[in-house]
Amino acid sequence: MGSVNIAFRAQLVVPEQRQLYDYWLSRAGQGSLPTRADINPADIPRLLPFISLIDVDDSLEVSRVRLAGTRLRDVFDREITGLKIDDLDLGPKRDYWMTAYRHTAVDGKPTQGIVRGPRLNKEHLVQYWIRLPLAASVGSGIRMILGLDYFLSGFEDEQRQASAG
């Protein structure tokens, strides 16, 4: 694992983020990004409720959610599979999310973060997320983003921090 990967991994807070990142790294070829064909959902069954796949379009706003785990449906209060990024209710955090998607889709770099109150009426949640680029199987560029969104209540997050500290 290179020093950049070690530094990125060190920023991942919850074990689910690290598990997906480690899996993604294990599926990458020498010096290349993994493709969608390299990712097998059967390898990460415990993470599936938190997983998303986004088909990347040249116009990032019309990129579509190809797959969204059940926990995302719970947080968005509706099924988001098939929706464009522009159709997601990102509220005042829209610029934050578009910057993260751009960094992953355009620059081909993993991104991660923590968001408190990911949506209106979901202020009690803390969202631990990671976005990982998947290379095009033919040609070049990023054609898909593999995401994980792990949610804890504010109380659960406080307990996690207390046990980690």
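Everything discussed here concerns the structure shown above.
For every chain, the first residue of the written sequence is number 1, and numbering continues from 1 along that sequence. Selection of residues for local features in this predicted model requires a pLDDT of at least 70, selection of side-chain atom pairs for listing and counting requires 80 or more, and totals for whole chains, interfaces and linings are taken over all residues. Only hydrogens and water are set aside when side-chain values are computed; all heavy atoms of the structure are taken into account.

Engineer: Looking at this structure, how should I read the environment of Thr 99?
Structural biologist: For the purposes of this entry, the term helix denotes a DSSP run of H or I that reaches at least four residues, the term strand denotes a run of E that reaches at least two, and both are numbered from the N terminus. Within the secondary structure, Thr 99 sits in helix α4 (residues 94–105). For the pair Thr 99 and Asp 57, spaced 42 residues apart in the sequence, the C-alpha separation amounts to 15 Å.

Engineer: Any chance you could explain the nonpolar core here in plain terms?
Structural biologist: Generally speaking, nonpolar side chains in soluble globular proteins are found buried as a group. Residues enter a nonpolar core if they are buried and are Ala, Val, Leu, Ile, Met, Phe, Trp, Tyr or Cys, with the set joined through side-chain atoms within 4.5 Å. Throughout, exposure labels follow a simple rule: accessible area from a 1.4 Å probe, protein chains only, divided by the maximum for the residue type, with under 20% read as buried, over 50% as exposed, and the rest as partly exposed. Membership of the largest hydrophobic core comes to 24 residues, with the highest contact counts inside it found for Ile 80, Leu 88 and Tyr 101. Mapped onto this core, the elements with two or more residues apiece are β2 (64–68), α3 (70–76), α4, β4 (125–135) and β5 (142–153). Sorting elements by how many residues they give to this core places α4 first, with five residues. Throughout, a residue-residue contact means that at least one pair of heavy atoms, one from each residue, lies within 4.5 Å. Leaving out residues up to four positions away in the same chain, Ile 80 has contacts with Val 65, Ala 68, Leu 72 and Leu 88. Listed in part, the 23 residues of the second largest apolar core include Trp 24, Ile 44, Val 126 and Tyr 128.

Engineer: Where do I start with the packing of aromatic side chains in this structure?
Structural biologist: Pairs of aromatic rings are described using the distance from one ring centre to the other and the angle between the two planes. Aromatic rings from Phe, Tyr and Trp, taking only the six-membered ring of Trp, are treated as a pair when their centres fall within 6.5 Å; an angle between ring planes under 30 degrees marks them as stacked, one over 60 as edge-to-face, and anything in between as tilted. Going through the model one piece at a time under the given rule, you end up with seven aromatic pairs. Here Tyr 21 and Trp 24 contribute two aromatic rings whose centre-to-centre distance is 5.7 Å and whose plane-to-plane angle is 25°, an arrangement assigned as stacked. Taken together, the residues Tyr 21 and Trp 24, both in helix α2 (residues 15–27) and three residues apart, mark about one turn of the helix. For the pair formed by Tyr 21 and Trp 24, the shared burial category is buried. Relative to Tyr 101, the ring of Trp 97 lies with its centre 6.3 Å away and its plane at 40°, an arrangement referred to as tilted. In this pair, Trp 97 and Tyr 101 both sit in helix α4, four residues apart, roughly one turn of the helix. Tyr 101 carries the same exposure label as Trp 97, and that label is buried. Through a chain of ring-to-ring contacts, the aromatic side chains of Tyr 96, Trp 97, Tyr 101 and Trp 129 assemble into a single cluster.

Engineer: Is there a simple way to explain the side chain of Arg 131 in this structure?
Structural biologist: Residue placement: Arg 131 occurs in strand β4. In this structure Arg 131 comes out as buried when scored by relative accessible area, which is 3%. Here the side chain of Arg 131 touches Tyr 101 through a polar contact of 3.5 Å, side chain to side chain. In the analysis that follows, any N or O atom pair within 3.5 Å is treated as a polar contact, provided that within protein one partner can donate a hydrogen and the other can accept it, and provided that, for residues neighboring in sequence, both atoms belong to side chains.

Engineer: What is the right way to read the environment of Val 13 from this model?
Structural biologist: Relative to the elements of secondary structure, Val 13 occurs in the loop between α1 (3–10) and α2. The spacing of Val 13 and Gln 112 is 99 residues in sequence and 9.6 Å in space, taken between C-alpha atoms.

That is the geometry; function is a separate question.
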